[in-house]
Amino acid sequence: SFDLGWFNLSPGGLLTYRFADVAESQRFRMELWLGIEVPIDENWAIVSEPFYESFWFTDGANSGREDQVYSVSLGLQYALTDNASLTTEVIYEKGSSNRAGLDYDFIEVGPRLDFAF
């Protein structure tokens, strides 16, 4: 996490490979995200998390399939304790694929309870 004065940034990334008994499930997966927090006071903050996720399937009927997910959120977070927070947020997500019929868009609104240990 990086404290940049009036806001905090928490970047992250992940690259994995999934092995499976079913060949169609085997894939590389990459995630990139950037947590953004703008504190209002000691308990309240405005938060956002742009997120990107990509899948590259390697075997079976899904060989060559590539899926991408892009999302962004905007929310209001309340710190219940040092290790728990309640966030009400709006999330927009767009999924796309090089396979027909797998593209989508959705908006989600609601609360989320987070714990950090």
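See above for the structure.
As the structure is a prediction and not an experimental result, all values here were calculated from the model.

Colleague: Even after reading the chapter, I still don't get the environment of Asn 83, so can you show me in this structure?
Modeller: Position of Asn 83 among the secondary structure elements: in the loop between strand S6 (66-79) and strand S7 (84-97). Each C-alpha atom of the pair Asn 83 and Ser 97 lies 37 Å from the other, and the pair is 14 residues apart in sequence. In this view, Asn 83 contacts Asp 114, Phe 115, Ala 116 and Phe 117; residues no more than four positions away in its chain are not counted.

Colleague: In this structure, what is going on with the packing of aromatic side chains? I would like to understand it.
Modeller: The relative placement of two aromatic rings is captured by the distance of their centres and the angle of their planes. A complete count under the given rule lists eight aromatic pairs for this structure. Plain terms: the ring middles of Tyr 52 and Tyr 70 are 5.1 Å apart, the flat faces sit at 45 degrees to each other, and that makes the pair tilted. A residue pair is termed long-range when its members are at least 10 positions apart, and Tyr 52 in strand S5 (residues 51-57) and Tyr 70 in strand S6 qualify at 18 residues. Centroid distance Phe 115 to Phe 117: 6.3 Å. Interplanar angle 10 degrees. Geometry classified as stacked. For the pair Phe 115 and Phe 117, a shared accessibility class is recorded, and that class is exposed. The structure contains a cluster of three or more aromatic residues connected by ring pairs, namely Tyr 17, Phe 19 and Phe 28.

About the cut-offs
Residues numbered from 1 in each chain as written. Predicted model: local features only at pLDDT ≥ 70, side-chain atom pairs only at ≥ 80, totals over all residues. Heavy atoms only, no water. Helix = DSSP H or I, 4+ residues; strand = E, 2+ residues; numbered from the N terminus. Contact = heavy atoms within 4.5 Å. Phe/Tyr/Trp six-rings, centres within 6.5 Å; stacked < 30°, edge-to-face > 60°. Buried < 20%, exposed > 50% of the residue type's maximum accessible area, 1.4 Å probe, protein only.

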